[in-house]
Each structure stands twice: as C-alpha cells, then as structure tokens.
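Geometric and topological summary
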Amino acid sequence: MRSLMTIIAVTLTTMAVAVSSATAAPALAAPPRTQAGTLLWEDQFNGYGGPDPSKWGFQTGRWGATSGEQQYYTNSWNNANQFNGTLNITARRETPPDRKRAPYNFTSARVVSMGKQSVSPPVRIEASIKMPSAQGLLPAFWTLGLQPGGEYSWPSQGEIDAVEIPGTNGPSFNLHGPSKWNPNQDVKTGGGMGPVGNGFHTYRIDWLPTSITWFVDGIARYSLTQAQYEAKGGNWKAFSGAWPHYILLNVAVGNNWVGKTLNSTPYPQTMSVDWLRVSRL
C-alpha cells in the first residue's frame, strides 16, 4: 500500500504551564499488557478521493491560530486525499480561503474522527505514518477528549499526542490535561527521541485507565502513569476513561513551539498514513 508517488491533490488555548518538556526518552520495557485483543476499527486508506466519510471528517478554518499557527485548514482533496493506498495530508504555501497574506498564506488539513469513531481505554491506537520534517512544520497523530459539554474545552478535555514531529527534531510524545486545581491550566508532560528515518514508521499508544505507553516501531519509548501525572499537579480524569477521545491527523505550519516556517522551507509538505488500527487491550 505504501507509495513514493507525487500527488496532485493530495488546538482553545488558555494559560499554559509546562511542568516538563519533551526530553530524550530511552527505550523502555514493555508494559504488562502488550497483546491487542479485538480489532475495534481500522482504515487501510485504499479508497480514492477524500477520506472515508464513515470514519473521518474535517475541522476547517484557523484552528491553532491562538498558538501562532499559520495555516488555514480546508476540506479540499488538494489538502487531504486517499491515493495509492495512503491518506495524504498536505500543507501548501498558497492563498488560503480567507485571503490572508504571508506569513499566514498556507493551507493544510485537519482530519478527525469526531462524530464518527471514538476510542476509550483500555485501547491500542497505532498507525503507520511517513511524516515530513522541516523547520516550522508540526505533523501530528493525536487524540482529544469528548468531555460531555466540554468537547472544545482545552485542556480540561485532555489531549494525548501519540506522535508529533516538531520541525527537524525526532518524534515527541506528550500529554496535556488540566491542573487538579484549575481546569484551564495546562499540565504538560512528555518525552521524545532522536530523528527517525524518512520512511514509514509505526507510532502507537497503549492506553490503559491508569497509564499510557508510547511506542515507535514496536519499541516502548515513553510511559506515564496516573500517579506520576498527579504528582506533577495534573488531573487524570480526562485519561481515565471517564469520556472517550477522538483521533486527529494533521500537518500544522508554524506555532509558538516550533517557530514560524522559513521562506526557504520548501512546500508542499505531505504526511502519508498507510494504515490506522484501534484495538481493545
């Protein structure tokens, strides 16, 4: 299903307190439960045209603008399409639908399973993804919580970043949730590793009600328990299974973390997803 083709169409912030930054993460021992059980849903991305509407939708507009992101997310096949067995999400330097000029003259796509498919622990979420790496880019495979009545209440809803590639750095694994004292205060913790090769890699989280472990190509790279997060001042409720999460796949251009994209950064930049699976643990 993988392809080396050339395609023709291919977060509400509040005050944030980062309690730890993404630091180098050595390989870890696998958690006790490593075998996935029942396959809940998957997508092999074998169609042509837009993403399968029974599994995916779009969040369009300037999501992430308050965090300094430069792109306008569209639902155009020019920014998200299935072709030759992959889902391709492409960031382009071009005039966006709202006609904003540089440095906001980028389009991209934010493909989401919200309202289509959701995930709850104990669950394994994994995908084979080829991610771009360039100054100012932030491709990501992640989840957001469907907090009842607070589906857009970040960070109280909870965010699990299965993987992000910040700029030219290696994979980063992060968790964002509320402080136990203030639902609007971000308690972030996470880890990371050195750059990986340019091809497809399998990124995975094994999410249990009291812990989350991040894997790259089957090797555990970072793990966090409820007790560890709460010791940092975080409220684990969003990750306990109190409410489900939905999955997001997107390529952001520039933000307060990775900085602005450079004029010298070539575009288009594409993230390709070969397959995605969700299984009960």
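Provided above is the structure to which this section pertains.
Residues numbered from 1 in each chain as written. Predicted model: local features only at pLDDT ≥ 70, side-chain atom pairs only at ≥ 80, totals over all residues. Heavy atoms only, no water.

1. With respect to the nonpolar core
Counting residues in hydrophobic clusters, the biggest one holds 49 residues, and the most contacted among them are Ile 125, Ile 129, Phe 141, Ile 247, Leu 249 and Leu 276. Leu 276 has contacts with Trp 41, Glu 42, Asp 43, Phe 45, Trp 56, Glu 126, Ala 127, Phe 141, Ile 247 and Leu 249, leaving out every residue within four places of it along the chain. (Core = buried A, V, L, I, M, F, W, Y, C linked by side-chain atoms within 4.5 Å. Buried < 20%, exposed > 50% of the residue type's maximum accessible area, 1.4 Å probe, protein only. Contact = heavy atoms within 4.5 Å.)

2. Let's talk about the environment of Ser 118
With respect to the helices, strands and loops of the structure, Ser 118 is situated in the loop between β9 (110-112) and β10 (123-130). As for Ser 118 and Trp 41, which are separated by 77 residues in sequence, their C-alpha atoms are 9.6 Å apart. Discounting residues that sit within four places of it in the chain, Ser 118 has contacts with Trp 41, Leu 146, Pro 244 and His 245. (Helix = DSSP H or I, 4+ residues; strand = E, 2+ residues; numbered from the N terminus.)

3. Observations concerning the side chain of Ser 172
Structurally, Ser 172 can be placed in strand β13 (residues 172-178). One polar contact links Ser 172 to Asn 174, side chain to side chain, over a distance of 2.8 Å. (Polar contact = N/O pair within 3.5 Å; in protein donor to acceptor, adjacent residues only side chain to side chain.)

4. Topic: unusual backbone geometry
The bulk of non-glycine residues show a negative phi, and the bulk of peptide bonds are trans. At the junction of Trp 154 and Pro 155, the peptide bond is cis and its omega measures out at 10° in the coordinates. Along the chain, Pro 155 turns up in the loop between β11 (137-145) and β12 (159-164). Here the residue pair Tyr 267 and Pro 268 is connected by a cis peptide bond, since its omega of 10° sits within 30 degrees of zero. Locating Pro 268 in the fold gives a position in the loop between β18 (245-253) and β19 (269-280). Here Asp 217, not a glycine, exhibits a phi torsion of approximately 50°, which is positive. Here Asp 217 lies in the loop between β16 (211-216) and β17 (219-225).

5. Observations regarding the packing of aromatic side chains
Applying the stated criterion across every chain yields a total of 9 aromatic pairs. Summarising the aromatic geometry, the rings of Trp 41 and Trp 56 are spaced 5.8 Å apart at their centres and angled 65° between planes, so their arrangement reads as edge-to-face. In this pair, Trp 41 sits in strand β3 (residues 39-43) while Trp 56 sits in the loop between β3 and β4 (57-58), placing the two residues 15 residues apart along the sequence. In this pair, the class of Trp 41 matches that of Trp 56, namely buried. Seen from their ring centres, Tyr 229 and Trp 236 are 5.9 Å apart, and the 65° between their planes marks the pair as edge-to-face. Of the two residues examined, Tyr 229 and Trp 236, each falls in the buried class. One aromatic cluster in this structure is built from Trp 41, Phe 45 and Trp 56. For Arg 204, the ring lying beneath its charged end belongs to Phe 215, and the centroid distance is 3.6 Å. (Phe/Tyr/Trp six-rings, centres within 6.5 Å; stacked < 30°, edge-to-face > 60°. Lys NZ or Arg CZ within 6 Å of the ring centre and 35° of its normal.)

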